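Inside the fold
Listed below, chain by chain, are the residues.
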Amino acid sequence: MLGTGSSIEGHLRDHAKEKYIGTAATSNALGDQKYLEVLGQEFNAMSPENEMKWGFLETSKGNYQWGNADKLVALAEQHNMKFRGHTFLWHNRIPEYAMALDGKKSELEKVVKDHINTVAGHFKGKIYAWDVVNEVLNEDGSGNKLRNSLFSRTLGSGFVEEAFHTAHAADPNAKLYINDYGIEAKNKKSDALYELVKEWKAKGVPVHGVG
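Residues numbered from 1 in each chain as written. Predicted model: local features only at pLDDT ≥ 70, side-chain atom pairs only at ≥ 80, totals over all residues. Heavy atoms only, no water.

Quick word on the overall build of the protein
Within the protein one finds 8 helices and 8 strands. Its C-alpha atoms give the protein a radius of gyration of 18 Å, within 12% of the compact-globule value 17 Å for 211 residues. Seen through its principal axes, the protein has C-alpha atoms that stretch 55 × 40 × 25 Å. Classification of the 211 residues of the protein by burial places 46% in the buried group. Counted over contacts in the protein with a minimum sequence separation of 6, partners at least 24 positions apart contribute 73%. As presented, the protein carries roughly 10,900 Å² of accessible surface, and 48% of it is formed by carbon and sulfur atoms. One finds the centroid of the 26 positive side-chain charges in the protein at a distance of 4 Å from the centroid of its 28 negative side-chain charges. (Helix = DSSP H or I, 4+ residues; strand = E, 2+ residues; numbered from the N terminus. Rg over C-alpha atoms; globule rule 2.2 N^0.38 Å. Buried < 20%, exposed > 50% of the residue type's maximum accessible area, 1.4 Å probe, protein only. Contact = heavy atoms within 4.5 Å. Areas by Shrake-Rupley, 256 points an atom, 1.4 Å probe, with all protein chains shown as cover. Lys, Arg positive; Asp, Glu negative; His and termini not counted. Charge placed at Lys NZ, Arg CZ, Asp CG, Glu CD.)

Quick look at the environment of Asn68
Here Asn68 is to be found in helix α3 (residues 67-78). Residue classification places Asn68 among the partly exposed positions, given a relative accessible area of 38%. Linking Asn68 and Ala163, residues 95 residues apart in sequence, is a C-alpha distance of 24 Å. Beyond its immediate chain neighbours, meaning those up to four positions away, Asn68 contacts Ser27 and Glu51.

Some thoughts on helix α8 (residues 188-202)
Residues that lie three or four places apart on an α-helix share one face, since the helix turns once every 3.6 residues. Helix length check: α8 (15 residues) gives 21 Å between terminal C-alpha atoms against 21 Å at 1.5 Å per residue, within 8%. Residues of α8 that are buried include every one of Lys189, Ser190, Ala192, Leu193, Leu196, Val197 and Trp200, and no others. Buried residues of α8, viewed axially, fall in a sector of 155 degrees; they line one side. Those residues of α8 that are exposed and aimed more than 90 degrees away from the buried face are Lys188, Tyr194 and Ala202. Buried positions along α8 lie against α7 (159-170), β7 (175-179) and β8 (209-210). (Expected span 1.5 Å × (residues − 1). Arc of directions from axis to C-beta.)

A closer look at the sheet that holds strand β1 (residues 22-25)
One open sheet holds the 6 strands; their spatial order is β1-β2-β5-β6-β7-β8, and the pairing between them is parallel. With partners counted over all chains shown, the strands left at the sheet margins are β1 and β8, one partner each. Bridge count for strand β5 (residues 82-90) against strand β6 (residues 129-134) is 5 bridges, and the pairing is parallel. The residue of β6 that forms the bridge with Trp90 is Asn134. Packing against the sheet, helix α5 (residues 105-122) makes contact with β5 and β6, and its axis sits at approximately 170 degrees to β5. (Pairing = 2+ DSSP bridges. Axes fitted to C-alpha atoms, helices over the stretch in contact; angles between N-to-C directions.)

Digging into the layout of surface pockets
Its volume calculated, the second largest pocket comes out at about 150 Å³. For the second largest pocket, the full set of lining residues is Thr26, Ser27, Asn28, Glu49, Asn50, Glu51, Phe56, Gln65, Trp66, Gly67, Asn68 and Ala69. Across the lining of the second largest pocket, the residue classes break down as 3 nonpolar, 7 polar and 2 charged. (1 Å grid on protein atoms, 1.4 Å probe; cavity = no way out; pocket = protein on both sides within 12 Å on 5 of 7 lines; lining within 4 Å. Points joined across faces, edges and corners; volume = space filled by probe spheres on them. Nonpolar A, V, L, I, M, F, W, Y, C, P; charged D, E, K, R; others polar.)

Focus on empty space enclosed by the protein
The full count for this structure, using the stated rule, is 2 cavities of 30 Å³ or more. There is about 50 Å³ of room inside the largest cavity. Lining the largest cavity, in full, are Leu89, Trp90, His91, Asn134, Val136, Arg147, Ser149, Phe151 and Phe159. Tallied by class, residues from the lining of the largest cavity come to 5 nonpolar, 3 polar and 1 charged. The volume enclosed by the second largest cavity comes to roughly 30 Å³. In terms of lining, the second largest cavity is formed by Lys53, Trp54, Thr87, Phe88, Leu89, Trp90, Asn92, Arg93 and Ile94. Looking at which element gives the most residues to the lining of the second largest cavity, the answer is β5, with 4 residues.

From the geometry alone we can't say anything about function, so treat these as descriptive.
Take a look at the structure:
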């Protein structure tokens, strides 16, 4: 049943047809059989909560912990669910070795590309879409539009475009998204993101959608 008192029978994913009914999943609950049952029955798309964020996945340079992310991807495959990767670049949960490169442009450029290439390559063919960058805008869409972060400070505003180009080259079949919050309604932040995406698209940046 879809809900108490509902007259519509079946599970959520049964009514999705060609669309996606998605959820964020955590590897911490993979031992909970009821959790797994509901996950597989109700949803046809999955995204990880934290397991693919840089600081969780690559705790130190070149030291990747694939286990938890691989388990979620395998679970999605088991239940014929699409998997959306989240995320290559975020201003939080950055490993210490990368934070130490603040102000060192060429070095940070290299580790960012290495990270995206390694992660996209590891999951290539298993991820239908990636949130390439996450929450990169200022809270109110003001100023230079991009929030002050390790990436914007050291690499400049072009880091978003480079991240998309790198991800696309690493996995050409994956859809690439920019993801943010507070943009569901028409406001300064959603207007700022709209203008940025329009600008990037005009320049040939492979932005396929907004999350």
